[in-house]
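Here is what each chain is made of, one letter per residue.
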Amino acid sequence: MVAVSTTFRGTVRDTFMCYQTYRMSVSRTRTETADQGLWRAQISLALATGVGAVAGSYLLVGRRPAFVVTPFDRFVLAASPDALVAFAITQLGGLGHQLAFVSAVALTCGTLALLTLPGVVILANGRSRTGGSIGTLVPGVVVFGLTGSGLSSVGAMIGVAVVLGAATGMVRWSAITDYRPVSPGRRRVLGAIGSALSLSALGMILRRRGDRAPVSGIDIPDDADPEVRALLNRAKELSLNVEGLEPLVSPDFYEVDINNINPDESRDTWTLSVTGAVETEVEYDFSDIESMPVEHRFATLRCVGDQLNGYQMDNALWSGVPAEALLEDANPRGDRVILRGVDGYYNEFHIDALMPGLFAHRMNGRPLPRAHGYPIRALVPGHWGEINVKWLTEIEVQTEDTMGYWEYRDWQGTGEVNTVAKIWQVNHLAGPRIEVAGHAYAGTRGIKAVEVSTDGGESWVEAELSEPLPGTDVWRQWRFVYSAVESHEVIARARDQNGDLQKEEKDGPRPDGATGWVSKPINPH
Ligand SMILES: Nc1nc2c(c(=O)[nH]1)N[C@H]1C(S)=C(S)[C@@H](COP(=O)(O)O)O[C@H]1N2
Ligand SMILES: [Mo]
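Given the structure is predicted, the values throughout are model-derived calculations rather than measurements.

Caption draft 1: Looking closely at the site of ligand 1. Taken together, 18 residues surround ligand 1, and among them Tyr254, Asp343, His372, Arg377 and Lys390 come closest. A distance of 2.7 Å is found between a nitrogen atom of ligand 1 and a side-chain nitrogen or oxygen belonging to Asp343. Contact between ligand 1 and Asn388: a nitrogen atom at 3.1 Å from a main-chain N or O atom of the residue. The cavity that encloses ligand 1 is the largest cavity.

The following block contains the structure:
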């Protein structure tokens, strides 16, 4: 703030002159237009400070809960109709999140602009020091109130200060970028907008890499537990050698959740409590969980919103505490559970589904990534992804049947997964030979066979399957090579270990998962 006020003190007259000149130059023709012009300049300047504040906050804290956009994002999510949220998350996926996020950023910039506007008006009337201080302090205080983060608040104030500094002539971007002779007021406003945009660009460049640390399921970390290393190597060996086909451990695990900005829990403050219909309520901190005997398991997840041949289905090696061991101390006295995440998400289902599950704190030999529920998530064998609650903080045992987050939004995704064979890869090999391949998953029922038809369903041939990975809830890969010279349709269908065939009747994901057999037109050269 000291730096900000001295900055403005030196330019009081400068700014006063600049706006007066601007005002007078226009008022010579029409007074009303001059006022309008001044307002336009002030509003543009305020908007630029809003952008600057968001950029400054982002620069210092990144895409985390402390980022000033987070509370606005929560608001956008809460204010959007349920149907729209469901559509955006399940149909638009990443795009839906981006659209919601862009709206939240715009709303944040607009709100912060309103907060700086009084300061900007005071400043434009010649009282730079007072205007600058008010314009900077007000958003700073509000950002602190909204995020509870001093760093985020300081970032926002720096952003505002830089923009107002540009507007009062301290930073002359316009001298470099603007060759046209424009009125000083206009040039200053352009300079302010330029500095706000530059600050945003700087934030994006500096923050991008740090915020998206992709964890590849393929690279085994150097410090991996020997058992984890052996299992991940085994998955590599067992993966079918098909050009372009995802291996048995997904290099890039899909992400579906209600957040645009994921929770950023600290393992030091995180707790997991077991409450409700239990003999004794128990609370664990992260080190309690970490000191319990750990189990390593392959487990596949699939979102109930996944399209029939979509890609919201992946497999990883998870490490954590078996649910049964963790729930033992509390001694549940009810047969339903509600799992709650720190993001406000929750899901409700039968405790029998949870008991064979795992509370995972590691994924593919690394701490659970933030996107997948750091520090702890639930893994419920054979059920749709939605009950595998991430950022898990509470397990509430209850005696009656209630609804979860998605059931209130007309989804029925708490049950067991449907059997599916995906056709994820088609390779044209030498001559007329065609290779089709993919992944098949039937939850805990397991995959027994994948059958392929190349004559429109007249005849079926069993495809080659990858050897099963250890585990009771794991997908398999399949591959089929044949020859064809004419255009045709290839169809794949899976059979589970009970011998039951994947359902033929076509239906979309809503409300309880896609059904049908995947087919693909093949055009041999
Ligand atoms: N806390 C929390 N847990 C959650 C969700 C969520 O929005 N919040 N989404 C669920 C859904 S719908 C799915 S499909 C899986 C996806 O897990 P992933 O993102 O690790 O692939 O997480 C589930 N767990
Ligand atoms: Mo999901």
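Back to the write-up after that little detour.
Caption draft 2: Structural view of empty space enclosed by the protein. With the rule as written, the count across this model stands at 2 cavities of 30 Å³ or more. Of the volumes computed, that of the largest cavity is approximately 300 Å³. Around the largest cavity, the lining is made up of 23 residues, and of these Val256, Asp257, Tyr345, Gly385 and Glu386 lie nearest the centre. Among the residues forming the lining of the largest cavity, the class breakdown is 13 nonpolar, 5 polar and 5 charged.

Caption draft 3: Highlighting the pattern of salt bridges. For the structure shown, the criterion picks out 19 salt bridges. In this structure, the salt-bridge partner of Glu237 is Arg234, at a minimum N-O distance of 3.4 Å. With a gap of 3 residues between them, Glu237 and Arg234 both fall in helix H11 (residues 226–238), about one helical turn apart. Taking relative accessible area as the criterion, Glu237 reaches 58% and is therefore assigned exposed.

Caption draft 4: Highlighting the side chain of His372. Looking at the secondary structure, you find His372 in the loop between strand S8 (366–367) and strand S9 (377–379). The contacts of His372, once residues within four sequence positions are left out, are Phe253, Tyr254, Glu255, Met363, Arg377 and Lys390.

Caption draft 5: Summary view of the nonpolar core. Formed by 85 residues in total, the largest nonpolar core has its most connected members in Leu326, Leu339, Leu354, Phe359, Ile395, Val450 and Trp478. Setting aside its immediate chain neighbours within four residues, Val450 contacts Ala421, Ala440, Val461, Glu462, Ala463, Leu465, Trp478, Arg493 and Ala494. Within the second largest apolar cluster, 29 residues are counted, among which are Val54, Tyr58, Val69 and Ala104.

Caption draft 6: Geometry of a nonpolar patch on the surface. On the surface, a nonpolar cluster with roughly 310 Å² of combined accessible area is contributed by Leu60, Leu151, Val154 and Ile158. Counting residues per element, the nonpolar patch draws most heavily on helix H8 (residues 150–167), at 3 residues. Take Leu151: it is sitting in helix H8. Accessibility expressed as a relative area gives 49% for Leu151, which makes it partly exposed.

Caption draft 7: Geometry of the packing of aromatic side chains. Inspection of every chain in the model, using the stated rule, returns 10 aromatic pairs. Pairing Tyr345 with Tyr405 gives two aromatic rings, centres 5.4 Å apart and planes at 45 degrees, and the pair type is tilted. Pair noted here: Tyr345 is in the loop between strand S5 (336–341) and strand S6 (346–350) and Tyr405 is in the loop between strand S10 (392–398) and strand S11 (420–421), with a separation of 60 residues, a long-range link. Among the residues examined, Tyr345 registers a relative accessible area of 10% and is labelled buried. For Tyr405, a relative accessible area of 8% translates into the label buried.

Caption draft 8: Spatial organisation of the packing of helix H6 (residues 94–124) against helix H7 (residues 128–147). Axis separation between H6 and H7 bottoms out at 6 Å; the angle between their running directions is 165 degrees. With respect to H7, the element H6 is oriented roughly antiparallel. Considering the relative orientation of H6 and H7, their crossing is right-handed. Between H6 and H7, the residues in contact are Leu112, Leu115, Thr116, Gly119, Ile122 and Leu123 and Ser128, Thr130, Gly131, Gly132, Ile134, Gly135, Val138, Pro139, Val142 and Val143, respectively. Class assignment of the residues belonging to the contact of H6 with H7 gives a composition of 9 nonpolar, 7 polar and no charged.

Caption draft 9: The pairing of strand S17 (residues 476–483), seen in detail. With 8 bridges joining them, strand S13 (residues 433–441) and S17 adopt antiparallel strand pairing. The residue bridging Ala437 from the neighbouring strand is Arg479, located in S17. Direction of pairing for strand S16 (residues 464–465) relative to S17: antiparallel, over a ladder of 2 bridges. When the sheet's bridge partners are listed, Leu465 is paired in S17 with Trp478.

Caption draft 10: How the structure looks around unusual backbone geometry. In the segment running from Tyr374 into Pro375, the intervening peptide bond is cis, with an omega of 5 degrees. Here Pro375 is to be found in the loop between S8 and S9. Following Arg510, the chain continues into Pro511 via a peptide bond in cis, with omega recorded as 5 degrees. Within the element layout of this structure, Pro511 appears in the loop between strand S18 (488–496) and strand S19 (518–522). One non-glycine residue, Asn331, lies in the positive phi region at around 55 degrees. Along the polypeptide, Asn331 turns up in the loop between helix H13 (323–327) and S5. Taking the relative accessible area as the measure of exposure, Asn331 reaches 29% and is therefore partly exposed.

Rules used throughout
Residues numbered from 1 in each chain as written. Chains lettered and ligands numbered in written order. Predicted model: local features only at pLDDT ≥ 70, side-chain atom pairs only at ≥ 80, totals over all residues. Heavy atoms only, no water. Near = heavy atom within 4 Å. Polar contact = N/O pair within 3.5 Å; in protein donor to acceptor, adjacent residues only side chain to side chain. 1 Å grid on protein atoms, 1.4 Å probe; cavity = no way out; pocket = protein on both sides within 12 Å on 5 of 7 lines; lining within 4 Å. Sits in = over half its atoms within 2 Å of the grid points. Points joined across faces, edges and corners; volume = space filled by probe spheres on them. Nonpolar A, V, L, I, M, F, W, Y, C, P; charged D, E, K, R; others polar. Salt bridge = Lys/Arg side-chain N within 4 Å of Asp/Glu carboxyl O. Helix = DSSP H or I, 4+ residues; strand = E, 2+ residues; numbered from the N terminus. Buried < 20%, exposed > 50% of the residue type's maximum accessible area, 1.4 Å probe, protein only. Contact = heavy atoms within 4.5 Å. Core = buried A, V, L, I, M, F, W, Y, C linked by side-chain atoms within 4.5 Å. Patch = residues over 30% accessible without salt bridge, like charges linked within 9 Å, V, L, I, M, F, W, Y side chains within 5 Å. Areas by Shrake-Rupley, 256 points an atom, 1.4 Å probe, with all protein chains shown as cover. Phe/Tyr/Trp six-rings, centres within 6.5 Å; stacked < 30°, edge-to-face > 60°. Axes fitted to C-alpha atoms, helices over the stretch in contact; angles between N-to-C directions. Parallel < 35°, antiparallel > 145°, perpendicular 65-115°, else oblique. Left-handed = near helix turned anticlockwise from the far one by under 90°. Pairing = 2+ DSSP bridges.

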